[in-house]
Amino acid sequence: MTKRGNKREKKTTIKRKVIILTFLILILLALSAFAYTSTQYERAREESLRLIEESNGKQDAAEIEFHGDDELTDYVHVLLVGVDNEGAGPARTDTMMVAQYQPKNGKVKLISLMRDSYVSIPGYRNNKINTAFFLGGPELLRQTIKENFDIDIHYFASVDFNGFVRVVDIISPKGIEVDIERRMFYQDGAGDVYINFQPGIQRLDGKQALNYVRFRNDRENDFGRVRRQQEVLSILKDDLLSISGVTRLPKLLGAIEPYITTNIQNKQMLDYGRNFFLNPIDTVETLTIPIEGSFVDSRNSHAGAILELDMEKNKKAIHEFLELDLLENQ
């Protein structure tokens, strides 16, 4: 073989070695990233489990009755409930949402249901909608939403409010920035809850953010609470989708998993996760029920202060917002 041929063969060999070495380095980096991800996930999960064990523990999804409708390909509806597990007796909620996810086009729509909405509860006398959750958990709340607004629910997910604190602190370790419009002050008789925010732009950590979204002791009452919940969810979404937020995703998933009770299976989670990356979500559309001009403030003997809804007007608003006619005819 000529020297020229030997030189060409040597260059080819070196090139192959470079390709192989590069490939091995990529594999090593991938394995390192996986190990880092697993470590961050497990450490955060163990810390959350320890915190839950010190409080009241977590209820297994298998123990919760829920008969959701069959999953659809074009969209899915998830009942989201914020749960206060403190104290004895059934869990309470003042946060109820229905989320619609359209995997193929990356659309997310969020309906917030005001807790004082006076509705028909299957098997019980009419009452506030959050009473349905108190009496029968996610299943009775699902039935109530179906009966009053004709929405089919496929899955549920309940999140302990303590999990919300962890989410904020992990996604936004320096706190979330909010512009507080007016002073917010509240202290309960036992001294367990103390809220005192001054007007202006402030950074709130997890506990402060929880107080911010749960505050209702002003002229806006529950409407202000729902507006602030939607505001904070939007801030957290933006922080999570930032580069620094994405790097905290493994820790976030590990931290929040023990606080979530859901009937969504792992395979479905993976499918939705794949669609999420293929069709990223730009905005989250929101709706508050009851809509403006569709209710009156009232009071009765057994439920106290209530919102009497024009059911047909609100049901129409929901169906138009979720594009149900369009989706069901595709």
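Above this text you will find the structure in question.
Residues numbered from 1 in each chain as written. Predicted model: local features only at pLDDT ≥ 70, side-chain atom pairs only at ≥ 80, totals over all residues. Heavy atoms only, no water.

J.: Honestly, the packing of aromatic side chains in this entry has me stumped. Any pointers?
T.: To describe a pair of aromatic rings, one takes the distance between the centres and the angle between the planes. In this structure the tally under the stated criterion is four aromatic pairs. When the ring of Phe66 is compared with that of Phe156, the centres are 5.0 Å apart and the planes differ by 50°; the resulting orientation is tilted. One end of the pair, Phe66, is in the loop between helix 1 (3-54) and strand 1 (76-84); the other, Phe156, is in strand 6 (residues 155-160), and 90 residues separate them in sequence. Taken together, a centroid distance of 6.4 Å and an interplanar angle of 75° make the contact between Phe197 and Tyr212 edge-to-face. Of this pair, Phe197 sits in strand 9 (residues 194-197) while Tyr212 sits in helix 4 (residues 206-214); the two residues are 15 residues apart in sequence, bridging distant segments of the chain. (Phe/Tyr/Trp six-rings, centres within 6.5 Å; stacked < 30°, edge-to-face > 60°. Helix = DSSP H or I, 4+ residues; strand = E, 2+ residues; numbered from the N terminus.)

J.: Explanation requested: unusual backbone geometry in the structure shown.
T.: Peptide bonds are mostly trans, and most non-glycine residues show a negative phi. Of note, the amide linkage connecting Ile289 to Pro290 takes the cis form, showing an omega dihedral of 10°. Relative to the elements of secondary structure, Pro290 occurs in the loop between strand 12 (284-289) and strand 13 (295-300). With phi around 55°, Asp150 is a residue other than glycine that occupies positive phi space. Following the sequence through the fold, Asp150 ends up in the loop between helix 2 (129-149) and strand 6. Take Asp150: its relative accessible area is 36%, and that puts it in the partly exposed class. Unlike most non-glycine residues, Glu323 shows phi in positive territory, near 55°. The topology assignment puts Glu323 in the loop between helix 9 (311-322) and helix 10 (324-328). Taking the relative accessible area as the measure of exposure, Glu323 reaches 23% and is therefore partly exposed. (Buried < 20%, exposed > 50% of the residue type's maximum accessible area, 1.4 Å probe, protein only.)

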